[in-house]
Every structure is written in structure tokens, then in C-alpha cells.
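# Coordinates in review
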Amino acid sequence: QALLVESGGGLVQAGGSLRLSCAASRSIFNFYAMAWFRQAPGKQRELVAAITTDGNTNYADSVKGRFTISSDSAKDTVNLHMNSLRPEDTAVYYCAARKSTVLIYDAWGQGTQVTVSS
């Protein structure tokens, strides 16, 4: 089981930016795709952004144009650059990975809190 460790969360004012990083314990090329999910209090976990090993990306409509997911194979990390943050982006953000085209993520990080104040 791969170990995923997130970092970079924190408190930021609305309109500000944060960068989240996810470090994998082994080469990210072992995975077909990696992603960021988030879960706000009282809400279901939702996919924020995903990236495949060949660089294809997809985003939730709510973050398109504001968030960018990227991978660094040399460092075995996946990053989420978040700009123009809004209070509704407040959530615990989780890094996840899956080994195949089947949409089941079988490796998860412990989560990092992002709080956006108005």
C-alpha cells in the first residue's frame, strides 16, 4: 500500500492562494492517476481535480480556472495550486491514487485542512 502524505494546508483570506503537495512513498508512475478530493463539514467527499500519468487532467466545475493540478515525477509529488480561493473552498483536502482506469481510488492520504476566511 502506497503512503501518501499531504502538506500545505492552512488559513487564507478569500481571494488568496495556497499550494497543496502530496508526496508518494513510491514512484507516481506506479499509479494510473492521482487526484485531490475534499470534504467539507456535513458534505460528501468530492473530486476536485485529477491527473493521469500521461498528463490528462480533469476538474470539478466549481474550481475550473482557479485550481491547477500538476505532477512532478522527479519528486514523486502531485501538487494542487489553488488561486482565487473562496470561503466555500473550505474543507479537508485529501490526496488519492488509483492503479487503473477503474474509478476506484485505493490509496489515500490523511488529509490537510484548508480554511478560507471571508
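Everything quoted here is computed from the prediction, not taken from an experiment.

### With respect to the pattern of salt bridges
This model, assessed by the stated rule, comprises 4 salt bridges. Notably, a salt bridge pairs Arg38 with Asp89, separated by 2.9 Å at the nearest N-O pair. Highlighted residues: Arg38 in strand β4 (residues 33-39) and Asp89 in the loop between β8 (77-82) and β9 (91-98), separated in sequence by 51 residues. Under the relative-accessibility criterion, Arg38 is labelled buried at 5%. When its relative accessible area of 1% is taken as the criterion, Asp89 is described as buried. Through salt bridges with shared partners, a single ionic network connects Arg38, Glu46, Arg66 and Asp89.

### Focus: the environment of Ala49
Tracing the backbone through its elements, the reader meets Ala49 in strand β5 (residues 46-52). In the structure, Ala49 is positioned 52 residues away from Thr101 in sequence and 15 Å away in space, judged by C-alpha atoms. When neighbours within four sequence positions are excluded, Ala49 is seen to be in contact with Met34, Ala35, Trp36, Asn58, Tyr59, Ile69 and Leu80.

### As for the side chain of Arg98
The residue Arg98 is located in strand β9 in this model. Engagement of the side chain of Arg98 in a polar contact is seen with the side chain of Tyr105, the distance being 3.2 Å. Beyond its immediate chain neighbours, meaning those up to four positions away, Arg98 contacts Phe31, Tyr32, Ala33, Leu103, Ile104, Tyr105 and Asp106.

### With respect to the sheet that holds strand β3 (residues 18-24)
Spatial ordering of the open sheet is given by β1-β3-β8-β7, a layout of 4 strands whose pairing is antiparallel. If you trace the sheet from one side to the other, it starts and ends with β1 (4-7) and β7 (67-72), each paired once. Strand-to-strand twist of the sheet, defined as the mean angle between neighbouring strand axes without regard to direction, takes the value 15 degrees. The pairing of β3 with β8 spans 6 bridges and is classified as antiparallel.

### Concerning the side chain of Arg38
Side chain to side chain, Arg38 and Glu46 meet in a polar contact 2.7 Å long. There is a polar contact of 3.4 Å between the side chain of Arg38 and the side chain of Ser62. Once residues within four sequence positions are removed from consideration, Arg38 is found in contact with Gln44, Arg45, Glu46, Val48, Ser62, Val63, Phe67, Glu88, Asp89, Ala91, Val92 and Tyr93.

### Some remarks on the environment of Asn83
Its location among the elements puts Asn83 in the loop between β8 and β9. Considered as a pair, Asn83 and Gly65 are 18 residues apart in the sequence and their alpha carbons are 8.7 Å apart. The contacts of Asn83, once residues within four sequence positions are left out, are Gly16, Ser17, Arg66 and Phe67. Here the side chain of Asn83 touches Ser17 through a polar contact of 2.9 Å, side chain to side chain.

Here is what the cut-offs are and how they apply
Residues numbered from 1 in each chain as written. Predicted model: local features only at pLDDT ≥ 70, side-chain atom pairs only at ≥ 80, totals over all residues. Heavy atoms only, no water. Salt bridge = Lys/Arg side-chain N within 4 Å of Asp/Glu carboxyl O. Helix = DSSP H or I, 4+ residues; strand = E, 2+ residues; numbered from the N terminus. Buried < 20%, exposed > 50% of the residue type's maximum accessible area, 1.4 Å probe, protein only. Contact = heavy atoms within 4.5 Å. Polar contact = N/O pair within 3.5 Å; in protein donor to acceptor, adjacent residues only side chain to side chain. Pairing = 2+ DSSP bridges. Axes fitted to C-alpha atoms, helices over the stretch in contact; angles between N-to-C directions.

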